[in-house]
Amino acid sequence: MDFLTILGLAAATITTISFLPQMFKMWQTKSAKDVSFVTVITFMIGVFLWLIYGIYLQSLPIILANGMTLVFNFIILWLKIRYR
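Structure report, in brief. (Residues numbered from 1 in each chain as written. Predicted model: local features only at pLDDT ≥ 70, side-chain atom pairs only at ≥ 80, totals over all residues. Heavy atoms only, no water.)

1. Here's the deal with the overall build of the chain
Put simply, the rule reads: Put simply, DSSP marks the helices as runs of H or I at least four residues long and the strands as runs of E at least two long, and each gets a number from the N terminus on. Burial classes: relative accessible area under 20% of the type maximum marks a residue as buried, over 50% as exposed, and values in between as partly exposed (1.4 Å probe, protein chains only). Working rule for contacts: check all heavy atoms of both residues, and any pair within 4.5 Å makes them a contact. To measure how exposed things are, a 1.4 Å probe is used in the Shrake-Rupley method; for residues, cover is taken only from the protein chains shown.
Of the regular secondary structure elements, the chain holds four helices and zero strands. Starting at the N terminus, the α and β elements of the chain follow one another as α-α-α-α. Along the longest, intermediate and shortest principal axes, the C-alpha atoms of the chain span 45 × 20 × 15 Å. Among the 84 residues that make up the chain, the fraction classed as buried is 32%. A separation threshold of at least 6 residues defines the contact pool for the chain, and within that pool the share at least 24 residues apart is 73%. Per element, the accessible surface of the chain, about 5900 Å² overall, is 73% carbon and sulfur.

2. As for the packing of aromatic side chains
The condition that has to hold: Note on aromatic contacts: the rings of Phe and Tyr and the six-membered ring of Trp form a pair at centre separations within 6.5 Å, being stacked when their planes are under 30 degrees apart, edge-to-face when over 60 apart, and tilted otherwise.
For the coordinates displayed, the defined rule picks out three aromatic pairs. With centroids separated by 5.2 Å and ring planes inclined at 40 degrees, the aromatic side chains of F19 and F43 adopt a geometry described as tilted. One end of the pair, F19, is in the loop between α1 (3-17) and α2 (20-29); the other, F43, is in helix α3 (residues 37-57), with 24 residues separating them in the sequence. Overall, F19 belongs to the buried group, its relative accessible area being 19%. Seen in terms of ring centroids, W50 and Y53 are 5.5 Å apart; in terms of plane orientation they differ by 80 degrees. Their pairing is edge-to-face. Taken together, the residues W50 and Y53, both in helix α3 and three residues apart, mark about one turn of the helix. In this structure W50 comes out as partly exposed when scored by relative accessible area, which is 48%. Taking relative accessible area as the criterion, Y53 reaches 42% and is therefore assigned partly exposed.

3. Concerning the side chain of N66
Here N66 shows up in helix α4 (residues 60-82). The contact partners of N66, leaving out residues within four places of it in the chain, are V47, W50 and L51.

4. A few points about the environment of I62
In this structure, I62 sits in helix α4. Separated by 54 residues in the primary sequence, I62 and G8 have C-alpha atoms spaced 7.6 Å apart. Contacts of I62, omitting those with residues within four sequence positions, involve W50, Y53 and G54.

This is the structure:
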């Protein structure tokens with residue numbers, strides 16, 4: 001693996017796990033009142049487009065980061081709907 005791939009994987013890991021604290025807080029407090037529905041949906045559309053772009057480029061860091069981020073944001077969206 002070359003340096004740029006390792007750098008991309010490190011960046012992907014850090015940005016992807018940045019959603020975990022929000023997700024866990026929503027789960028623990030059973031509250032999603034401070035999370036904007038429009039922001040979550042808009043962000044998910046952007047992440048989906050990044051995922052398609054990464055697949056087209058066959059870029060592992062882009063695919064992994066955006067695939068996992070999309071999963072985490074689907075969970076956040078589900079929690080937002082569940083804890084209205």
